[in-house]
Amino acid sequence: MTNSRIVHHPILGRLQERGKIHFTFDDNEYIGYEGETIAAAMLANGERVLRSHEESGNLRGFYCNIGHCMECRVTVGNQKTVRACLSLIEEGMIVNSGKKLPTPFKKGETL
Amino acid sequence: MERRNTEVLIIGGGVIGASIGYYAAKSGIEVTIIDKGDIACGTSSRCDGNILAIDKEPGFDSQMSLESQKLVKQLSKELDLEFEYRAPGSILVCESEEEMIAAQSWVDRQKKAGLSFKMLDRSDIKQESPYFADDLLGGLECETDSTINPYLFTYSLFHGAIHYGAKVKLRCEVKGMRRNSETGLFHVNTDQGSIIAKKVVNAGGVWAPYIGNMLDLNIPIKPRKGHIIVASRNMPVGMRKVMEFGYLMSKFGKERTVDEETDKYGVALVFEPTESQNFLIGSSREFVGFNTKVDLDVVNCIARRTIRFYPKIADFLLIRTYAGLRPWTPDHLPIVSPVEQIPNYYIAAGHEGDGISLAAITGKLMTELLQEKSETIIPTHPIRFSRFQNVSTIQT
Amino acid sequence: MIDVFIVGAGPAGLSAANVCAKNGLKVKVVDEFMKAGGRLLGQLHEEPDGTWWNGIEEAKKLNDEAQQLKVEVDCGVSVYNIKKQNKSWKVYTTKGKFQTKALLLATGAAETAIPIPGWTLPGVMSIGAAQVMTNVHRVKVGDRGVVVGINILSAAITRELQLAGIEVSSMYLPGKNIATGDHGNPILTMKSMLKVASLAPSKLIRIGSKLMKSESLHPLALKFYPKSGIKVWGMPVHLRKAVIEIVGEKKVEGVRVAKVDLNGEPIVSTEEFIPVDFVCIAGGLYPLVELAAITGCPFQYVSELGGHVPVHSEKMKTPLEGLYVAGNITGIESAKVAMKQGTVAGYSVVQDLSNKKEAFQVQLKQAIQTVEETRNQAVIQFHPDIRTGRKKVYMSFKDKGLMKKRDFYGT
Ligand SMILES: Cc1cc2nc3c(=O)[nH]c(=O)nc-3n(C[C@H](O)[C@H](O)[C@H](O)COP(=O)(O)OP(=O)(O)OC[C@H]3O[C@@H](n4cnc5c(N)ncnc54)[C@H](O)[C@@H]3O)c2cc1C
Ligand SMILES: Cc1cc2nc3c(=O)[nH]c(=O)nc-3n(C[C@H](O)[C@H](O)[C@H](O)COP(=O)(O)OP(=O)(O)OC[C@H]3O[C@@H](n4cnc5c(N)ncnc54)[C@H](O)[C@@H]3O)c2cc1C
Ligand code: FES
């Protein structure tokens, strides 16, 4: 499922021509279009994964797509916890996924 | 003829009501627990989960905590639902020579009382966490302190109580009550009809005075507000519960050398890693009525205080904040007691910042009181209601 | 100082802004989404007369008017705290703090999650997320998916996905568990769909009505619910099958579906695996009210309105001076109603800030009446007893005694 933009729509009409935007996600280069969010541009490139859960390492993508759930949090430049569903891509933007973090002790373990 | 609906009616479904419900039902007493909201909707879901001896005066105060600690450990084995019980110990850190001296005498007194306390020096502190500020001089530790998740604990106690036959009524508010002087039974009016009970336990936390008022009792409990920050899981900062020694100073109302705002809001660092390895960071102490609205100025002040002790966590993310009301009493000890002038009426409230710690012992003791046992697990004198009865006005 | 600060550039917020600006007030609107319009953006329904309700166009109309009226609309800005300061409000945003005389909260609604096993896998999203991705961003959410949760919103959006050429294989109930509650109950689901039957345009509902005219026949009708589902727009809707688990290694690969009995309990050994690459979860909407809670405004739980709502009057005033609410924060209804509520709130603000209080009496009354009319004509209605719910809240507003009691308990 690559380049899955909906160019033609029976009611909404044809998708407008927009400028290309280059950005990186976890060091890989991607191309999106002006006005796209990080979440939308990634999905259009066939990428659903935006982060790993801090504790379990399970993969996560966007869920609500309108800023309510915080599932889509990524790092943009030095800024942590940026909602990928609310943030527009910009030329040269450096985006990183959230990573699994070291765990000093696990469920049920005591010291 | 009046038909009673329950032998014992426990008003309040916080951690205290839950624990009494559990121990009483387990010992075969017919109990009903009611709450105006949901389980743990009051202070018991707006707090930390520490079960501490480190900050208790040697003597009755610490005996009560240590007995409770033992019971909680037992509960972690006997209750079906887990409540994130851990016993990693806790530490207090000092930022001045003065505090180090006070800490040393605190440790000496605790050791004399036979408790596992120990002083920590600068290098011990560094080993505890690489995130601590370089200028911290040291501190002290109490090896046996434990931590739980307070609302899971409350749920777990409810679950256990129900297992032993307790009845639970939620979203059921007590509006008034009277005692029939002939039968001695309590007629309790709620928004879901009336309940007739032989005995009533007022476990209403900060609302206990309103419930007491219904029978003209003057219960000297006041809400003392506290804020908590939930910070996002990040690199491991430390595994134990950390408090500043100043927390003790402010708890007992002693002089502290801190800036005006920190003093005004009664802010002292309490740092608790949760089981999911987020951080609960507190706290403040204010008398501002029944207001649980989060005040961002207080939150900022707590954050500043945290960064003073852990400068390197300044960029950790805040998930949310909340505020709860500690049920304060004038002598900082709870009321777990029958009420002499009203036979079969009991109070279990006023645990201030220790209700989670003391829930287990309170439940056990109240069960013994309900059974009118002559021997009790701890002495009852210091926590009797009658100690306040000559006090007509309460000062804060 | 600003005269009116509005949180939310949805239909309610923008409509209010335009009324205020027309009457000479200095208005600032902020919204954390990058485009003005709120949840209007993405809405696409066929009206009974065959025309299309295109939310993007409606949003554009409102926003163009706001621009003409020199309303300052700032997108990509979140509000995270509010404080009362003397007679005014201090609003904390991610782009600075603002002082305002009047504050209108028009934050809209959020979706209720239905957690079922596997729901955190990439490729699982809320039904509203799919709507925005498809109609606003114009990116396909996948090649073939299923919708879990059957309600008026999921039916409408499923249709939108199909319009965009995305295959939705079926709509199912969520497997029953402690967290999915009533959403997994076939009878309750059918009933709630039937209640909106006369109003909704969807074919599903019309078929449903015919099937189940009489309440006593409901279980029977469900018993004979076709095994292949009822087809709506060529897609089967299953009231007797539930998604038990979402499966996949690194993203959604398929769902496990089982037949369920009349109570929603899965029937053993009826399981099948359906390969899909996306799943939409539809748990319905609830009012997004956190900011109102921060102000200390009293609340009321009203199930007909979708959950906890700030207490308010028909004039969209809260019991707190200078604090107003409009749109879905006051209860779940369609965008058309939200717009009209915004107009009411706008006139209330204008009246309260004007020296000649009487001057706006007529407009305000008219605006309140228009809300009623719009409600009565609504094609999409989220709750059949919305009017009962509205009455409950307006009563609470009048009942000052109740309000005092709330303060007394600090809740
Ligand atoms: C910020 C903060 C941090 C804290 N940290 C700790 C800690 O680390 N360790 C510790 O031990 N303690 C801590 N505490 C203290 C602890 O939370 C409290 O002491 C404890 O929760 C009190 O429990 P409770 O059951 O007495 O009160 P609550 O939990 O408030 O329960 C009382 C219940 O009574 C109900 N009620 C009231 N009136 C009525 C009525 N008329 N009819 C029916 N029901 C009614 C209420 O709804 C409520 O649910 C902290 C407190 C705060 C605020
Ligand atoms: C996902 C979803 C899909 C929907 N689909 C339909 C549909 O297809 N048809 C239909 O009739 N109705 C639909 N609705 C109902 C919808 O709520 C109403 O139609 C209408 O949009 C409500 O208008 P409003 O102005 O009250 O709120 P909204 O249109 O939701 O606007 C509120 C705005 O406030 C902003 N906001 C919220 N909190 C903050 C904050 N703290 N800081 C800054 N900005 C903030 C939001 O970003 C949002 O743009 C949907 C609702 C949702 C949540
Ligand atoms: S997907 Fe929910 S906040 Fe971005």
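Just so you know, these numbers come straight off a predicted model, no measurement behind them.

Asker: Explain the nonpolar core to me, using residue names and the numbers behind them.
Answerer: Residues and elements named next belong to chain C. In terms of nonpolar packing, the biggest core is built from 122 residues, with Val27 and Val279 touching the most fellow members. Counting residues per element, this core draws most heavily on helix α9 (residues 335-353), at nine residues. A domain split of this core shows at least three residues from each of domain 1 (2-110 + 285-407) and domain 2 (113-281).

Asker: Which residues make up the sheet that holds strand β6 (residues 138-142) of chain B, and what are the values?
Answerer: All names here are of chain B. Taken in spatial order, the eight strands line up as β5-β6-β4-β13-β14-β15-β12-β16 in an open sheet, and their pairing is mixed. A single partner strand is all that each edge strand has here, and the edge strands are β5 (117-120) and β16 (318-328). Direction aside, neighbouring strands of the sheet carry axes that sit 20° apart on average. Where strand β4 (residues 90-94) and strand β13 (residues 241-244) come together, four bridges link them in parallel fashion. Paired with Leu92 across the strands is Met243, a residue of β13. Strands β4, β5 and β6 of the sheet are contacted by helix α3 (residues 97-112), whose axis makes an angle of about 155° with β5.

Asker: Which residues make up helix α10 (residues 361-377) of chain C, and what values do they have?
Answerer: All names here are of chain C. Given a rise of 1.5 Å per residue, 17 residues ought to cover 24 Å, and the 25 Å separating the end C-alpha atoms of α10 matches this to within 8%. For α10, every residue scored as buried is listed here: Leu364, Ala367, Ile368, Val371, Thr374 and Arg375. One side of α10 carries all its buried residues, which in axial view fall inside an arc of 120°. When the buried face of α10 is taken as reference, the exposed residues oriented beyond 90 degrees from it are Val362, Lys365 and Gln377. Among the structural elements, α9 and α11 (386-398) are those in contact with the buried residues of α10.

Asker: Which residues make up the site of ligand 2, and what values go with them?
Answerer: Residues and elements named next belong to chain C. As a structural note, the neighbourhood of ligand 2 is formed by 34 residues, with Asp31, Arg39, Gln43, Val79 and Asn328 the closest of them. Within the side chain of Gln43, a nitrogen or oxygen atom sits 2.9 Å from an oxygen atom of ligand 2. In this structure, Asn328 approaches ligand 2 through a side-chain N or O atom, which is 2.6 Å from an oxygen atom. Its free accessible area being 960 Å², ligand 2 has 98% of it covered by the protein chains. Counting residues per element, the ones that place at least two in the shell around ligand 2 are α1 (11-22), β9 (109-111), α3 (127-136) and α9. The residue inventory of the shell around ligand 2, partitioned by class, reads 16 nonpolar, 13 polar and five charged. If you count residues domain by domain, the shell around ligand 2 takes at least three from each of domain 1 (2-110 + 285-407) and domain 2 (113-281).

Asker: Break down the sheet that holds strand β6 (residues 79-83) of chain A for me, citing the residues and quoting the values.
Answerer: Residue and element names in this part refer to chain A. Read from one edge of the open sheet, five strands run β2-β1-β7-β5-β6, paired in mixed fashion. The outermost strands of the open sheet, each flanked by one partner alone, are β2 (28-33) and β6. Geometrically, the sheet is characterised by an average inter-axis angle of 40° between neighbouring strands, direction not taken into account. Here three bridges tie strand β5 (residues 73-76) to β6, and the two strands are oriented antiparallel to one another. Along β6, the bridge assignment pairs Arg73 with Arg83.

Asker: A description of the interface of chain C and chain A should follow, citing residues and the corresponding values.
Answerer: The partner chain A presents 35 residues to the 42 residues of chain C that form the contact. Each partner contributes to the roughly 3200 Å² buried at the junction of chain C and chain A, and carbon and sulfur atoms together form 63% of this total. Taking the shortest distance from any N to any O, the salt bridge between Arg83 of chain A and Glu32 of chain C comes out at 3.1 Å. The interface formed by chain C and chain A includes 10 residue pairs in polar contact (both at pLDDT 80 or more). Going through the elements one at a time, β4 (52-54), β9, β10 (124-126), α3 and β17 (278-281) of chain C are the ones with two or more residues in the side of chain C that touches chain A. Among the elements that take part in the side of chain C that touches chain A, α3 of chain C stands out by supplying six residues, more than any other. Partitioned by chemical class, the residues of the side of chain C that touches chain A number 24 nonpolar, 10 polar and eight charged.

Conventions and cut-offs
Residues numbered from 1 in each chain as written. Chains lettered and ligands numbered in written order. Predicted model: local features only at pLDDT ≥ 70, side-chain atom pairs only at ≥ 80, totals over all residues. Heavy atoms only, no water. Core = buried A, V, L, I, M, F, W, Y, C linked by side-chain atoms within 4.5 Å. Buried < 20%, exposed > 50% of the residue type's maximum accessible area, 1.4 Å probe, protein only. Helix = DSSP H or I, 4+ residues; strand = E, 2+ residues; numbered from the N terminus. Domains from an automatic or database assignment. Pairing = 2+ DSSP bridges. Axes fitted to C-alpha atoms, helices over the stretch in contact; angles between N-to-C directions. Contact = heavy atoms within 4.5 Å. Expected span 1.5 Å × (residues − 1). Arc of directions from axis to C-beta. Near = heavy atom within 4 Å. Polar contact = N/O pair within 3.5 Å; in protein donor to acceptor, adjacent residues only side chain to side chain. Areas by Shrake-Rupley, 256 points an atom, 1.4 Å probe, with all protein chains shown as cover. Nonpolar A, V, L, I, M, F, W, Y, C, P; charged D, E, K, R; others polar. Buried area = accessible area lost by both parts, 1.4 Å probe. Salt bridge = Lys/Arg side-chain N within 4 Å of Asp/Glu carboxyl O.

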